[in-house]
Structure formats: structure tokens, C-alpha cells
Amino acid sequence: MKICMLSSVHSANDIRIFEKEARSLSESGHAVTVVARPPCPGERGRIDFKPIELPAVARWKRPWVMGVAATTLARATEADVVQIHDPELIPFALWLKRGGCKVIYDVHEDVPADIYSKKWIPRWMQPIVAAGMELVERSTARRFDAIVAATPAIAKRFRDFGAAVTLVRNSVRLEEFIEPTSSTSRKRQAVYIGHASFNRGLVEMVEACQAARLPLVLAGSIGATESEWLTRSSAEFVHRGKLGRTEIAALLNESLIGLCLFQPEPNHLYAMPTKIFEYMAAGVPVITSDLPRSKEIVEAAGCGFSVSLEDKRRLAERLSSLADAPKRAIELGLAGRAAVAKEYNWQHDAAELNKLYQELSPLGAVA
């Protein structure tokens, strides 16, 4: 089949869209085109790209301007199936569906819950916007040919709407990560991969590492306000910037502890942060905040600890206990690697995605 991965928000090299879903579908023999914002990946394989190249516009104009441009490019691909990745594309996707193609809505986040994390939306307006998005998704869910959900919580929500749902988690490609062993040399440092912000526990990470006298390495972007805070606080950390997949694997393979201290915001409660699976795949023990899903993953795998962010002393103690017992840290890390190989390997989720496309194919198989 001819498939179009469509996003007006994400870049064409987005890990979920390109590295996982588009690659897996292409490897299964489908003709895949990614329509998204630049930059495009350097190594593309057999995947085509149509970047949405438009000048910056005001935030309130963006959904319409980007949506029209994205949909126009998607139509030009003459795809059999269009898989959208942004809620703002819902009306455009239904227009594409009327044109004869099948449409899948890939839900990365609990959108109504995520509204409460949008600081650019006035606080008094957030409940109104969240209720509006709930109504939009509820009323359109069954009009899509399928819903692809990134977490079990999102999958349940859309099943309650009566939609056809396939769970495709943000698990990891195990082959991306250097296989750890009990003799792998680890530096006495904690690491955080991804965008660093206050609602993702930046302050807690910095303060806990300082209390434990443990170096902190940040790899990813840092918000402007957060960057100013780091400068004023004279925090001790190393910022490696945005890294490629190979560089991330190398950094994790040399680190002793992985951190994921998300604040208990609505959209974080049942999220499954990819970084947790990346730490586990690299054999790095994990310390997370005690959010329900994160706690469940880490404790079931026996690969680390979950701690209340309100208990700063306990958090620092957990860091120190692992930093001062590297052999124990490595044992926990290897348990995480085993859990990824068994349960959180992308091969499992790729199989679910391919199964969905086989069901959508007129022939019940790759055309």
C-alpha cells in the first residue's frame, strides 16, 4: 500500500514517526511518504519526504495555515492510507477521508490532559479548551478507520468512545543500543535524555544530584526560562545538547543512573516516557517520580526505584545508594535490559502496526 505519515507539528525526523513507524512499514514492503516539518533525516532508506516549508506564522494561525499546506501535500501522494499525528489535523483528515483514502489517527498524548501543561494557554481558559478537545475526539473517534494509541490509558479512552484501537507503544529498537554486560565501564554520573523543563523535573534533578554529589549530564533541548534558571542557580551540570541516536546510545552506555522525574501533571500520570525504555535498553538503572505508569514499569522490571518528588531526602538517598554501589546499579540495569528484550522491544509494537495495515489492505496483505 501507499502510506502517508502526516504531521503539521512534528519534524520529519521525529523518532516515533520516522525511526519507528515509517521505517517498520517501509521494511514490510509498503511505499511510505512522510509529510512533516523540516528537517528531514539524512539517511532515508526507501522512504520519501515532502517537507512542509512555510515561514513562521502566529500561533493562532498555525493550525489552519499548516493544516492546509500539509493536507495539500498529503493529497499529492495519492496514498491509500494517511496516518495523522496531530489533533489539529482532525478536520483536514476527515476531508481527506471523504476523498477516498483511509485515515488513521495516531494519538501520542492524552490531548485534553496535555492542555493543562500548555503555559501559553491562560489558566482560566485551559478547562474550556480541554473540554473542547475532549468533545472533538469523542465525536470523531469512530469516523477514523483506526486509532493508534501510544499508551494503554489512551487506548482505553478511545475504546470507551467506541473506536477501533491498536496499541503501538513508544518502545525501543533494541539494536540501537550497545548491549551492556556486567563488566561495562560506567562513569559515576546521572543522565537525563530529552527536553529539560520544570514540569519534567529539572529542578529536582539538579538539586538531588547536588545533594548526592553526583555529576548530572543533560542531553537534549532546554527551555529558555529553564536555561536562565540554570545560569542563576549556578547549578553543576554538563549539557551535551541534542544528540543523534548513536551518540545517545554511547552516552547511556557510559552512565551509571538514568533520571525521569516528571511532575504529576495530568498528561504525565499514565504516560510511558520513551527515555525510560532507552535507559533500560542501555542497561542503565532508572530513578523515576512515583507516577502510576512509570512506577509500574520500573518496579515490575526490577530495574530501579520510584520516589515521591516531595521527599527530597529520599530522592538524594536513592541516588547516593546507586552511585556508591556500582555493582548493584549494574545488576538493576541488566534487569532493565532483559525487560526490554522481553516486553518493551519495538519488534512487538511494529508487529501490531503491521497487523493493522494488513487488516486495512483490500487484499489483507501488503499490496
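This text gives an overview of the structure that appears in the document. (Residues numbered from 1 in each chain as written. Predicted model: local features only at pLDDT ≥ 70, side-chain atom pairs only at ≥ 80, totals over all residues. Heavy atoms only, no water.)

1. Structural notes on helix 14 (residues 346–360)
1) Next: Its 15 residues give helix 14 an end-to-end C-alpha distance of 21 Å, which sits within 8% of 21 Å, the value for a rise of 1.5 Å per residue.
2) Next: All buried positions along helix 14 are accounted for by W346, D349, A350, L353, N354, L356, Y357 and L360. Projection of helix 14 onto a plane perpendicular to its axis shows the buried side chains occupying an angular sector of 150°, all on one side. Looking at helix 14, the residues exposed on the side facing more than 90 degrees away from the buried face are Q347 and E359.
3) Next: Buried positions along helix 14 lie against strand 1 (2–11), helix 1 (15–27), strand 4 (81–84), strand 5 (102–107), strand 6 (146–149) and strand 7 (165–167). (Helix = DSSP H or I, 4+ residues; strand = E, 2+ residues; numbered from the N terminus. Expected span 1.5 Å × (residues − 1). Buried < 20%, exposed > 50% of the residue type's maximum accessible area, 1.4 Å probe, protein only. Arc of directions from axis to C-beta. Contact = heavy atoms within 4.5 Å.)

2. Description of the packing of helix 1 against helix 14
1) Next: Contact pair helix 1 / helix 14: the axes reach a minimum separation of 10 Å and the direction vectors enclose 60°. The angle between helix 1 and helix 14 places the two elements in the oblique class. At the point where helix 1 passes helix 14, the crossing takes the right-handed sense. For the pair helix 1 and helix 14, the contacting residues are K20, E21, S24 and L25 in the first and W346, A350, L353, N354 and Y357 in the second.
2) Next: Here the contact of helix 1 with helix 14 is composed, by residue class, of five nonpolar, two polar and two charged. (Axes fitted to C-alpha atoms, helices over the stretch in contact; angles between N-to-C directions. Parallel < 35°, antiparallel > 145°, perpendicular 65-115°, else oblique. Left-handed = near helix turned anticlockwise from the far one by under 90°. Nonpolar A, V, L, I, M, F, W, Y, C, P; charged D, E, K, R; others polar.)

3. Some remarks on the nonpolar core
1) Next: Of all hydrophobic cores here, the largest spans 61 residues; its most connected members are L252, I257, L259, Y279, M280, I287 and L319.
2) Next: What I287 contacts, discounting residues up to four positions off in sequence, is I257, G258, L259, C260, L261, F305, V307, L315, R318, L319 and L322. (Core = buried A, V, L, I, M, F, W, Y, C linked by side-chain atoms within 4.5 Å.)

4. Thoughts on helix 2 (residues 62–76)
1) Next: For helix 2, built from 15 residues, the straight-helix expectation of 21 Å at 1.5 Å per residue is met to within 8% by its first-to-last C-alpha distance of 21 Å.
2) Next: In this fold, the buried residues of helix 2 make contact with strand 1, strand 2 (31–37) and helix 3 (90–98).
3) Next: E78 sits one or two residues past helix 2 and shows a positive phi near 55°.

5. Side note on a negative patch on the surface
1) Next: On the surface, D290, E299, E310 and D311 cluster together into a negatively charged patch.
2) Next: Tracing the sequence through the fold places D311 in the loop between strand 13 (304–307) and helix 12 (312–323).
3) Next: On the basis of relative accessible area, D311 is assigned to the partly exposed category, the value being 36%. (Patch = residues over 30% accessible without salt bridge, like charges linked within 9 Å, V, L, I, M, F, W, Y side chains within 5 Å. Areas by Shrake-Rupley, 256 points an atom, 1.4 Å probe, with all protein chains shown as cover. Salt bridge = Lys/Arg side-chain N within 4 Å of Asp/Glu carboxyl O. Lys, Arg positive; Asp, Glu negative; His and termini not counted. Charge placed at Lys NZ, Arg CZ, Asp CG, Glu CD.)

6. Focus: the layout of surface pockets
1) Next: Considered as a void within the structure, the second largest pocket measures approximately 170 Å³ in volume.
2) Next: If you trace the second largest pocket, you find it lined by A74, R75, E78, A79, V82, W95, L96, G99, G100 and C101.
3) Next: Elements with a minimum of two residues in the lining of the second largest pocket: helix 2 and helix 3. (1 Å grid on protein atoms, 1.4 Å probe; cavity = no way out; pocket = protein on both sides within 12 Å on 5 of 7 lines; lining within 4 Å. Points joined across faces, edges and corners; volume = space filled by probe spheres on them.)

7. Here we look at the environment of F305
1) Next: Note on placement: F305 falls in strand 13.
2) Next: When the C-alpha positions of F305 and S294 are compared, they lie 9.8 Å apart, and in sequence the two are 11 residues distant.
3) Next: When neighbours within four sequence positions are excluded, F305 is seen to be in contact with V286, I287, T288, V298, R318, L322 and L332.

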